[in-house]
Amino acid sequence: METQLQTCYFTKKGPTLVTLFGYASKSVPGLEINGLGKYGKAVKEKIVYISRTRQLQIPLKRFVLNVELNDELGDLETNSVKWLEYPLLLHYWYLAGLLPITKLDNCFASGSLTPSGLVEEPPYQSISQLIESFELHLISGLIRECPLGIIDGKDLFHGISTLSFKESEAS
């Protein structure tokens with residue numbers, strides 16, 4: 001199984017669209033995150049922790065998640081990488097078959113995670129132009145208006161306990 005999901009990376013010029021792509025295979029079980037350099041291991045461990053504390057039954061497969069960041073974005077920064085955590089979690093749980101959605105290819109998600117399961121999403125006005133110009137469906141746990149519609153994160157995670165959402169005060 002393979003899929004992709006759109007997210008964004010915040011730069012001084014504003015948000016830039018980033019594609020996450022990945023697959024699951026019958027290889028040595030585990031989760032691998034590529035493209036985040038030194039931040040990849042910390043994000044991976046947070047995702048594994050959140051999954052384990054919710055006692056989710058993850059299939060024994062190899063999950064590979066890739067972040068396609070181009071060189072024009074410069075060096076990775078902690079305050080921008082954090083907005084990739086929620087979409088990477090979504091991507092992982094989708095590949096594991098835990099989410100009731102048929103495809104993510106035309107969807108957008110952005111947000112940071114806390115180990116307790118709080119998803120902090122960037123202010124909608126900071127990402128709305130990006131979502132609208134690429135005609136993407138927003139996955140959000142917050143009630144928002146979006147021209148192409150919203151996939152409610154709370155409904156998407158209905159079978160998974162204790163994920164909560166809040167909007168960030170700044171991106």
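In this report, we go over the structure that sits alongside the text. Every value quoted in this text rests on a predicted model; they were computed, and no experiment measured them. (Residues numbered from 1 in each chain as written. Predicted model: local features only at pLDDT ≥ 70, side-chain atom pairs only at ≥ 80, totals over all residues. Heavy atoms only, no water.)

### Describing the sheet that holds strand 10 (residues 164-167)
Across a sheet, strands are paired by hydrogen bonds formed along the backbone, either parallel or antiparallel in direction.
Link 1 in the chain: Read across the sheet, 3 strands follow the order 6-7-10 without closing on themselves; strand pairing throughout is mixed. Across the chains shown, the open sheet's two edge strands, defined by having one partner strand only, are strand 6 (112-113) and strand 10.
Link 2 in the chain: Sheet analysis places strand 6 next to strand 7 (residues 118-121), joined by 2 bridges and oriented antiparallel. Residue pairing in the sheet places Ser 112 in a bridge with Glu 120 of strand 7. (Pairing = 2+ DSSP bridges. Helix = DSSP H or I, 4+ residues; strand = E, 2+ residues; numbered from the N terminus.)

### Overview of the pattern of salt bridges
Link 1 in the chain: Taken as a whole and judged by the stated rule, the model has 3 salt bridges.
Link 2 in the chain: The partner of Lys 41 in a salt bridge is Glu 45, with the nearest N and O atoms 3.8 Å apart. Highlighted residues: Lys 41 and Glu 45, both in helix 1 (residues 40-53), separated by 4 residues, approximately one helical turn.
Link 3 in the chain: A relative accessible area of 59% places Lys 41 in the exposed class.
Link 4 in the chain: The partner of Glu 85 in a salt bridge is Lys 46, with the nearest N and O atoms 3.1 Å apart. Of this pair, Glu 85 sits in helix 3 (residues 85-95) while Lys 46 sits in helix 1; the two residues are 39 residues apart in sequence, bridging distant segments of the chain.
Link 5 in the chain: Judged by its relative accessible area of 21%, Lys 46 falls in the partly exposed class. (Salt bridge = Lys/Arg side-chain N within 4 Å of Asp/Glu carboxyl O. Buried < 20%, exposed > 50% of the residue type's maximum accessible area, 1.4 Å probe, protein only.)

### Here's the deal with the packing of aromatic side chains
Link 1 in the chain: Taken as a whole, this structure holds 2 aromatic pairs when the rule is applied.
Link 2 in the chain: Measuring from ring centre to ring centre gives 5.1 Å for Phe 63 and Tyr 92, while their planes differ by 90 degrees; the resulting arrangement is edge-to-face. Here Tyr 92 lies in helix 3 and Phe 63 lies in strand 4 (residues 62-68), a separation of 29 residues in the sequence. Summarising the burial analysis for this pair, Phe 63 and Tyr 92 share the class buried. (Phe/Tyr/Trp six-rings, centres within 6.5 Å; stacked < 30°, edge-to-face > 60°.)

### So, the side chain of Ser 110
Link 1 in the chain: Along the chain, Ser 110 falls in the loop between strand 5 (107-108) and strand 6.
Link 2 in the chain: By relative accessible area, Ser 110 is classed as buried at 2%.
Link 3 in the chain: A polar contact of 3.5 Å, which involves the side chain of Ser 110, links it to the backbone oxygen of Trp 83.
Link 4 in the chain: Among all residues touching Ser 110, those that are not within four sequence positions of it are Thr 7, Cys 8, Phe 10, Trp 83, Tyr 86, Pro 87, Glu 121 and Pro 122. (Polar contact = N/O pair within 3.5 Å; in protein donor to acceptor, adjacent residues only side chain to side chain. Contact = heavy atoms within 4.5 Å.)

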